[in-house]
Amino acid sequence: MFISRNHLFKQGEEETLIHCFFHMATSKLLLTFAICRLIVTVGLTLDPTELLLLGVDGQLSVDPSDVETASLDFGLLTRAAPPLAVLHPASAQDIAQLIKAAYGSDFGFTVSARGHGHSINGQAQTANGVVVQMSGSKRGSGRKPPQPRVWPREKYVDVWGGELWIDVLRSSLEYGLAPKSWTDYLYLSVGGTLSNAGISGQAFNHGPQISNVHELDVVTGKGELLTCSEEQNSELFHAVLGGLGQFGIITRARISLEPAPQRVRWIRVLYSNFSAFTRDQEYLISLHGEAGSQKFDYVEGFVIADEGLINNWRSSFFSPRNPVKISSLEPNGGVLYCLEITKNYLESTASTIDKEVESLLKRLDFIPATVFTTDLLYVDFLDRVHKAELKLRSKGLWEVPHPWLNLFVPKSKIGDFDKGVFKGILGNKTSGPILIYPMNKHK
Ligand SMILES: Cc1cc2nc3c(=O)[nH]c(=O)nc-3n(C[C@H](O)[C@H](O)[C@H](O)COP(=O)(O)OP(=O)(O)OC[C@H]3O[C@@H](n4cnc5c(N)ncnc54)[C@H](O)[C@@H]3O)c2cc1C
């Protein structure tokens, strides 16, 4: 929570009120509506001329569908009181103006950044405030936020805070480059994942996404637009990365790139013994300092409950080409664990990939004859969850409540966690994927 003077930067415990700002004459009717609503909602009288002074290049909207969208998220668990308005910014300056107005006003109002709205529990919402809709602001005519700019020699890309990772990938691939650290799903915004951490199977090697950022432009709670990095305004830099949107709004991120692999060998192996599973996972992430040929590029894993779509929606990997009868491997109804690993490669080095994979697999202690392998384009691997999304959407199973939980469990307690939770509370009766993989703490 960022509070400046007596103003709140986001939805909070203290006063909650709003000014709405319009610069176009055509917006006057809507403005009057917003002010009336404001007066009714929070019982305050505002000077409408003050609102008219704010000239944003983007759009300040009180359209009911915008307001409705901004009061929902992917979790579908929380429906906050709607915001009074939604700003679709055309630039960082639009956001700076809005926040300056809130900071300078006698009353203040709450402001919340919203990326692609894939939070679980209302993190991007604000009741009776203004939501800054960072993603999707490129729609319509008029000025729009900047497109990604790739710096091929320096190997980084400058992107708008609301840019989706799928678009960051597409832009950088035009130069044969790609970001190093990912989330499993790419239809999330840069500002949204950098406000959390951005963790996936590459994090053991490169660190989470927040460890792969050179610098940021941030609009602070006073409405200043500041550039920050390890060297410049470093306190702000470290506060904003993983800051849950409470320390400023990220308008630009400079993200580190590497030469993009072309293909991925994607492998899954199964375990019935939890200690063997975690021992192998921990061994694989301990190889992070080794040369590329001596380690995998991605290490994740999950608990296998049954073969239904709801539990295994992240891909239909095991079937139909790779059918596996789980009951035949674990006839006592016990829990199975799947180690998921990948090796990236270029078509020019395809001849060595089999040997490299074989040599790494030899060191692991999975159930013999449970190696499931597929080979695909790098982009298709990174975008794998989107395919599952389309499948679930077609069955009406995507826009449903998602009571998801992420936990960091210390290595010393992971065995107890398995006994108590996977084998205990859950048994093999779950609905939804349960991912489990280790992280190198120092990354
Ligand atoms: C299908 C799916 C798969 C996922 N997989 C992973 C995964 O593998 N790894 C992982 O780490 N996470 C994963 N997540 C979680 C995801 O990273 C977070 O929910 C993330 O916040 C979503 O991004 P968003 O753009 O939708 O953010 P929103 O929900 O819009 O916002 C999230 C938070 O960030 C703040 N925020 C948004 N934009 C900005 C900005 N520009 N500046 C400052 N603050 C901002 C908001 O105020 C809010 O607090 C997954 C989520 C889904 C739905």
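The structure presented is a predicted model; accordingly, all values stated were derived computationally and were not measured.

Each value, and the rule that gives it
The residue numbers shown here count from 1 along each chain, following its written sequence. Per-residue local features of the predicted model are confined to residues with pLDDT of at least 70, and side-chain atom pairs are confined, for both listing and counting, to 80 or more; whole-chain, interface and lining totals are unaffected and use all residues. Secondary structure elements are defined from DSSP: runs of H or I of at least 4 residues count as helices, runs of E of at least 2 residues count as strands, and each element is numbered from the N terminus. With C-beta atoms placed from the backbone, a residue counts as buried when 20 or more other C-beta atoms lie within 10 Å of its own, as exposed when 12 or fewer do, and as partly exposed for counts between those limits. Note on contacts: each residue gets a C-beta atom placed from the backbone, and two residues are in contact if those atoms are within 7 Å. For our purposes the nonpolar core covers buried Ala, Val, Leu, Ile, Met, Phe, Trp, Tyr and Cys residues that link as a set through C-beta atoms within 7 Å. Using a C-beta atom placed from the backbone for every residue, we mark a residue as near a molecule or strand if that atom lies within 6 Å of it. Residues are grouped as follows: nonpolar covers Ala, Val, Leu, Ile, Met, Phe, Trp, Tyr, Cys and Pro; charged covers Asp, Glu, Lys and Arg; every other residue, Gly included, is treated as polar. Note that the domain bounds reflect an automated or database-derived domain assignment. Every residue is assigned a pLDDT by the predictor, reflecting its confidence on a scale from 0 to 100.

**What to know about the overall build of the protein chain**
Now for step 1: Per the secondary structure count, the protein chain includes 14 helices and 17 strands.
Now for step 2: Within the span of the protein chain, comprising 443 residues, buried residues form 41% of the whole.
Now for step 3: Restricting to contacts in the protein chain with at least 6 residues of sequence separation, those with at least 24 account for 73%.

**Considerations on the nonpolar core**
A general tendency of soluble globular proteins is for nonpolar side chains to be buried together.
Now for step 1: In this structure, L98, V130 and V132 are the most contacted members of the largest nonpolar core, which totals 85 residues.
Now for step 2: Per-element accounting of this core gives the leading share, 7 residues, to helix α4 (residues 92–104).

**Comments concerning the site of the ligand**
Now for step 1: Close contacts around the ligand come from 33 residues, with G115, H118, G191, G192 and G245 the closest.
Now for step 2: Where the shell around the ligand is concerned, the elements lending two or more residues are β5 (111–114), α6 (190–194) and β12 (249–259).
Now for step 3: Taken together, the residues of the shell around the ligand sort by class into 12 nonpolar, 18 polar and 3 charged.
Now for step 4: Counting contributing residues, the shell around the ligand receives three or more from each of domain 1 (3–133) and domain 2 (149–259).

**Quick look at the confidence of the model for the protein chain**
Now for step 1: Scored by pLDDT, the protein chain comes out at a mean of 84, with 80% of its residues at no less than 70.
Now for step 2: Across residues 1–49, confidence stays below pLDDT 50; counting only partners more than four residues off in sequence or on other chains, it has 104 contacts.

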